[in-house]
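Secondary and tertiary structure notes
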Amino acid sequence: MNSSVIVFPGSNCDRDIAVALEKSKFKNKMVWHKENELPKSDLIVIPGGFSYGDYLRSGAIAAKSNILKEVVKASKKGCLILGVCNGFQILIETGLLKGALLRNQNLRFLSKDVYLKVLNNENKFCNKYKSNELIKLNIAHNEGNYFTDQKHLESLEEKNLIAFKYCDKKGDILNDSNPNGSLNNIAGIFNEEKNILGMMPHPERMIEDILTNQDGMKLFNSLFN
Amino acid sequence: MKITKEIINKHGLKNDEFKKIKELLNREPNFLELGIFSAMWNEHCSYKSSKIHLKTLPVKNKNVIQGPGENAGVIDIGGNDAIIFKIESHNHPSFIEPYQGAATGVGGILRDVFTMGARPIALLNSIHFGDVKNKKTKTLLNGVVSGIGGYGNCVGIPTVAGETKFHKTYNENILVNAMAVGHAKKDKIFYSKAKGINKSVVYVGSKTGRDGIHGASMASAEFDENSEEKKPTVQVGDPFTEKLLMEACLELMKDNSIISIQDMGAAGLTSSSVEMAFKGDLGLELNLDKVPCREENMTPYEMMLSESQERMLIILEDGKEDKAKKIFDKWDLDFVVIGKTTDTKNLILKFHNEVVANLPIAALSSNAPQYERKWKEKKLPIKNIKIKDFKKIKFDSAFFKVISSPNFSNKKWITEQYDQMVMCDTVQKSGADSSIIRIHGKKKAIAVAVDSSAIYCKSHPFSGGKQIVCENWRNLISVGAMPIAITNCLNFGNPEDPKIMGEFAECIKGIKSACEFLNYPVVSGNVSFYNGTNNKNIYPTPVIGGVGLINELKDPVKNNFQKEGSLILSIGKNFGHLTQSALFLEVFNYDDGPPPEANLLNERNNGENILKLIENNFINSIHDISSGGLIVTLAEMSINSSLGVKIKKPKSLSNLFEFFFSEDQGRYCIEIDKEKYDNVKKILQENNIFHEIIGVVQRDNFELEKELKISINDLYKINNEWYYNY
């Protein structure tokens, strides 16, 4: 399978994602933001970082770049799209995912390992996880506080479009286990077709036992089959 | 403009220094030239008070590729891999404008490292603040921490280790020292020495603005009550541009286009051009009309003295301009040929078709003043007060007081603001004695740590200088790394005061003796004098940043307890030294008496054998014993695991406080399996290393027979609550 990682000026998790994709056997290409064409891709990843220095608003400028128009087109054709951290913010800014990512509740950059519950494993991204599996990933962001209107929030819950929620080490989804103030402890969401996933935690940081664990690897292995 | 006495003084130049300038030029300098001299001759750039002392430091061992004198130091870590690293201060700017001051400190040190061809792989910092009750401290602390994080997080370099300390000596002069570590290929290291005549001198990066004009001169003067007015001299950082500049430079470095490269740090365009020309024994001619400016009508004076960030000067091989420009265009950065190298050995500046400055390079650099300043020795304080002399206090309340104090409380609230994992090679994050960074795609790794002990240095600078090198060396050993070399950031008061100069001279002597004995040379560094306000100088605070090598990275040894029932040993002799200890300072508020003495022979012997024990997998977990003593070491090993200890009452020293709070040097605490004890004991005894069995690892509770019992959860809370109530 072929994957593409979009690189913006200021992306800084592009290499990390590429390592994870190659580890799960994807044939990966890096695609510069000024390109007008995408290589043949089964999966497009928008990596974390500070695209355009987070100027204006995180992800806002990247959403207007040449290549993003192509990404939007590909998504309509059913191509799988993963946005991690700044990538999630960009997907929100393009409108491919709904809602907003506000500043963290404590108004500080927050980098730590967090526990997550996998709420939906019947999709291309999470099929190697067990239902309700408890995993640990790393977060590192300033604006990860997911917000949306009540109606949309209800529909996310009803349609099972929430991929991950922050929880404690026992798996309980509590206020205390919410690191950034996200509504309903949301850490990642799908679009209705479930070919797009945006998530704040970094799965590419959890692919080796010597560094951490391999909880993120299952996501990449789910995508490759 | 007529150069008056007032103008000269405003430029921080002394009258006799101005006289020397006139002699060197055989004429009076014009205003621009005076500005250039002031930028090059200030303490920060010229090292005029420190040079003769710095020269005495050891700078070589078999691993050193480049010692001091370049943008950063370079060491060989085997194969085609080199590590490039340096630490630098940004104290004055951070006090005036904490966020930008700290951020640009990080930016500057990153450029020093990637200028030489290295991709930065780790950031560290040592930050010192005033008393927590001082009303400025909280704002400064929050600003500095978010500035450090804001810059490093955005560029995408993990901030992996550091130290944060509080003491009233820094009330009016905080310290912000940032260290960067990069990885390069040994055959692709770039230096600042210019070579060849008529080569293009290229300006790349951000445009030049009016920020930071005379920043280096500000950093070379003491503060007074009007320091706030210096805000415009603080530079403003843009980590996004830094990231682009870094990627563009590293891309250009892939082939052979660059002759030499130098970042525009302190004293901006002036010092970068002078340095390159001086090292190459060449001249440089710059056309200032070409300098990309952010603001209108900038004068040559402003262009030459601006400290706008994220800029570089490059000397290119012939015919490489177009190819190089393409790379910088891709990254949306300015790329302008602003001059050429010449054989005149002069710095010639042109503006609107006129020569506006013409100065011999040597006058600005090698002829800069050097001072052998007077200094006074500090005698070892003899007052050696005993614990018995103080009012009785319960053991557990003393312990709780220490671990809940700002200096000893958990610093997670800081480290959680730093991205420690980006680049996915952080094997050991902050919180251990050292952090471990894997070389990308390889089996080997480096360990990095940064340390200071101003309290000891104040009490006796020689002992303190020696001790802090030892502690840093020990911290690398404790994660199983072979220490290789250090960088140092020497933060001191006013060098014109013989007492302060004495603190400097003797700390250097101490550093030298430890570095020589441990084969642990200094490869880069920075001196920051004039740390003080209104004649009140800070404590002498040399900060040591060390790098060690782990050749074959396996599962790294842990720093927290691993197994219920395993034995806990203390390694190294405990003499019960308590003066200058955390116990005396935090609990009894007593700061007289000598610091503990670092015995270099024991330090090396203990360290080398600890390394052997780690390599042979005898050790489950390990932590060095330093500030706070054995009890703090044990507490830290517990807090980060769910396991506690059952400590036996010691037999060797009668007094509990002396046993558990003493800060004698060269010691470690290790956890081993019971069945391995005989083997470990044999190795230790064969090498004449003293050890004691302290207790065993147990579940849930931290316990000392009849004196202290607390659950790990409560211990964690006590250790963490300070900041959350601050």
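Residues numbered from 1 in each chain as written. Chains lettered and ligands numbered in written order. Predicted model: local features only at pLDDT ≥ 70, side-chain atom pairs only at ≥ 80, totals over all residues. Heavy atoms only, no water.

1. Structural notes on the overall build of chain B
Across its full length, chain B carries 25 helices and 28 strands. Taken over the C-alpha trace, chain B has a radius of gyration of 26 Å; the compact-globule value for 726 residues is 27 Å, and the two agree within 12%. Projected onto the principal axes, the alpha-carbon positions of chain B cover approximately 85 × 50 × 45 Å. Per-residue burial over chain B gives 67% buried out of 726 residues. The long-range share in chain B, meaning contacts at least 24 apart out of those at least 6 apart in sequence, stands at 84%. Summed over its atoms, the accessible surface of chain B is roughly 26300 Å², and 49% of this surface lies on carbon and sulfur atoms. Side-chain charges of chain B comprise 91 positive and 89 negative groups, with the mean position of each set lying 3 Å from the other. (Helix = DSSP H or I, 4+ residues; strand = E, 2+ residues; numbered from the N terminus. Rg over C-alpha atoms; globule rule 2.2 N^0.38 Å. Buried < 20%, exposed > 50% of the residue type's maximum accessible area, 1.4 Å probe, protein only. Contact = heavy atoms within 4.5 Å. Areas by Shrake-Rupley, 256 points an atom, 1.4 Å probe, with all protein chains shown as cover. Lys, Arg positive; Asp, Glu negative; His and termini not counted. Charge placed at Lys NZ, Arg CZ, Asp CG, Glu CD.)

2. Focus on empty space enclosed by the protein
If you roll a probe as big as a water molecule over the atoms, it shows you where there is empty space left. All names here are of chain A. One pass over the structure, following the stated rule, counts three cavities of 30 Å³ or more. Of the pockets and cavities examined, the largest cavity occupies roughly 120 Å³. Considering the residues around the largest cavity, the lining is formed by 17 residues, among which Gly 49, Phe 50, Cys 85, Ala 140 and His 141 are closest to the centre. Elements that contribute at least two residues to the lining of the largest cavity include exactly α3 (86–94) and β7 (134–141). (1 Å grid on protein atoms, 1.4 Å probe; cavity = no way out; pocket = protein on both sides within 12 Å on 5 of 7 lines; lining within 4 Å. Points joined across faces, edges and corners; volume = space filled by probe spheres on them.)

3. Regarding the pairing of strand β12 (residues 346–351) of chain B
A regular strand places its side chains so that they alternate between the two faces of the sheet. Residues and elements named next belong to chain B. Counting buried residues along β12, five of its six residues qualify, which places the element largely inside the surrounding structure. Two strands pair when backbone bridges link them, and strand β9 (residues 283–287) and β12 are joined in this way by four bridges, in the parallel orientation. Residue pairing in the sheet places Glu 285 in a bridge with Ile 348 of β12. With six bridges joining them, β12 and strand β13 (residues 354–360) adopt antiparallel strand pairing. Bridge assignment links Ile 348 to a residue of β13, and that residue is Asn 358. Hairpin connection of β12 to β13: two residues between the antiparallel strands, including His 352 at a positive phi of 50°. (Pairing = 2+ DSSP bridges.)

4. So, the nonpolar core
If you look at the biggest cluster of nonpolar residues, it comprises 152 residues, and the most contacted ones within it are Leu82(A), Phe164(A), Ile75(B), Ile83(B), Val181(B), Phe328(B) and Ile446(B). If we skip the residues at most four places from it in the chain, Val181(B) touches Ile83(B), Ile84(B), Phe85(B), Val113(B), Arg119(B), Pro120(B), Ile121(B), Ala122(B), Leu124(B), Ile446(B) and Val448(B). The next biggest cluster of nonpolar side chains, apart from the first, holds 57 residues, and it includes Cys470(B), Ile544(B), Leu567(B) and Ile689(B). (Core = buried A, V, L, I, M, F, W, Y, C linked by side-chain atoms within 4.5 Å.)

5. Brief notes about the interface of chain A and chain B
The accessible area lost on association of the parts is a frequent measure of interface size. Each side of the interface is counted separately: chain A has 28 residues, and chain B has 33 residues. Buried area between chain A and chain B, both sides added, is near 2500 Å², and the carbon and sulfur share of it is 57%. Counting every contact that joins chain A to chain B gives five salt bridges. A salt bridge links Arg205(A) to Asp419(B); its shortest N-O distance comes to 2.9 Å. Counting only elements with at least two residues in the side of chain A that touches chain B, the list comes to α1 (14–23), β6 (110–118) and β7 of chain A. (Buried area = accessible area lost by both parts, 1.4 Å probe. Salt bridge = Lys/Arg side-chain N within 4 Å of Asp/Glu carboxyl O.)

6. Observations concerning the sheet that holds β7(A)
Residues and elements named next belong to chain A. In space, the nine strands of this open sheet follow the order β2-β1-β3-β4-β11-β10-β9-β6-β7, with mixed pairing throughout. Whereas interior strands pair on both sides, the edge strands pair on one side only; in this sheet they are β2 (27–32) and β7. For this sheet, the mean inter-axis angle between neighbouring strands, taken without regard to orientation, is 25°. Bridging between strand β4 (residues 80–84) and strand β11 (residues 196–199) involves four bridges; their strand directions are parallel. The residue of β11 that forms the bridge with Leu 82 is Leu 197. Of the strands in this sheet, β1 (2–7), β2, β3 (43–46), β4 and β11 touch helix α2 (residues 66–76), which is tilted by about 135° from β3. (Axes fitted to C-alpha atoms, helices over the stretch in contact; angles between N-to-C directions.)

7. Some thoughts on the packing of aromatic side chains
Inspection of every chain in the model, using the stated rule, returns 32 aromatic pairs over all chains. When the ring of Phe328(B) is compared with that of Phe335(B), the centres are 5.7 Å apart and the planes differ by 40°; the resulting orientation is tilted. We classify Phe328(B) as buried; its relative accessible area is 0%. With a centroid separation of 6.0 Å and an interplanar angle of 75°, the aromatic rings of Tyr723(B) and Tyr724(B) are classed as edge-to-face. An aromatic cluster of at least three residues, connected via ring pairs, comprises Phe129(B), Phe166(B), Trp413(B), Trp722(B), Tyr723(B), Tyr724(B) and Tyr726(B). Lying across the ring of Trp32(A), Lys330(B) places its NZ or CZ 5.0 Å from the centre. Sitting over the face of the ring of Phe690(B), Lys573(B) holds its NZ or CZ atom 4.3 Å from the ring centroid. (Phe/Tyr/Trp six-rings, centres within 6.5 Å; stacked < 30°, edge-to-face > 60°. Lys NZ or Arg CZ within 6 Å of the ring centre and 35° of its normal.)

8. Considerations on helix α10 (residues 239–252) of chain B
Between its terminal C-alpha atoms α10(B) stretches 20 Å, which fits the 20 Å expected from 14 residues at 1.5 Å a residue. In terms of burial, α10(B) is a largely internal element, 13 of the 14 residues being buried. (Expected span 1.5 Å × (residues − 1).)

9. Overview of the packing of helix α7 (residues 98–114) of chain B against helix α8 (residues 137–155) of chain B
All names here are of chain B. Following both chains from N to C, one finds α7 and α8 inclined at 35°, their axes separated by 7 Å at the closest point. The hand of the α7/α8 crossing is right-handed. On the side of α7, the interface is formed by Pro 98, Tyr 99, Ala 102, Ala 103, Val 106, Gly 107, Leu 110 and Arg 111, while α8 contributes Thr 139, Leu 140, Gly 143, Val 144, Ser 146, Gly 147, Ile 148, Gly 150, Tyr 151, Gly 152 and Val 155. Among the residues forming the contact of α7 with α8, the class breakdown is 11 nonpolar, seven polar and one charged. (Left-handed = near helix turned anticlockwise from the far one by under 90°. Nonpolar A, V, L, I, M, F, W, Y, C, P; charged D, E, K, R; others polar.)

10. Some remarks on the state of the cysteines
Each disulfide consists of one covalent bond between the sulfur atoms belonging to two cysteines. Residues and elements named next belong to chain A. This structure, assessed with the given rule, holds zero disulfides over all chains. The thiol sulfur of Cys 13 is not disulfide-bonded, and the nearest other cysteine sulfur, from Cys 85, lies at 6.5 Å. In this structure Cys 13 comes out as buried when scored by relative accessible area, which is 2%. Free cysteine: Cys 167, not disulfide-bonded; nearest cysteine sulfur from Cys 126 at 14 Å. (Disulfide = S-S within 2.5 Å.)

11. Examining the pairing of strand β11 (residues 334–342) of chain B
Residue and element names in this part refer to chain B. As judged from the six bridges shared by strand β7 (residues 200–205) and β11, these two strands associate in the antiparallel manner. Of the residues in β11, the one forming a bridge with Gly 205 is Asp 334. In the sheet, β9 pairs with β11 via four bridges, with the strands oriented antiparallel. Bridge pairing in β11 links Leu 284 to Thr 341.

12. As for the sheet that holds strand β1 (residues 64–66) of chain B
Residue and element names in this part refer to chain B. An order of β1-β2-β3-β6-β4-β5 is seen for the six strands of this open sheet, with the pairing classed as mixed. Looking at which strands have only one partner, the edges of the open sheet turn out to be β1 and β5 (159–166). The average undirected angle you get between the axes of adjacent strands in this sheet is 20°. Of the strand pairs in this sheet, strand β3 (residues 81–89) and strand β6 (residues 175–185) are connected by nine bridges, and their pairing is antiparallel. What sits directly across from Glu 88, in β6, is Ala 178. Running over the sheet, α8 touches β4 (119–129), β5 and β6 and is turned about 175° from β4.

13. Focus: the confidence of the model for chain B
Where the model shows low pLDDT, its predicted coordinates should not be examined in detail. On average, residues of chain B score 94 in pLDDT, and 97% of them reach the 70 mark or higher. Here the predicted complex carries an ipTM of 0.96, next to a pTM of 0.96. (pLDDT = per-residue confidence, 0-100.)

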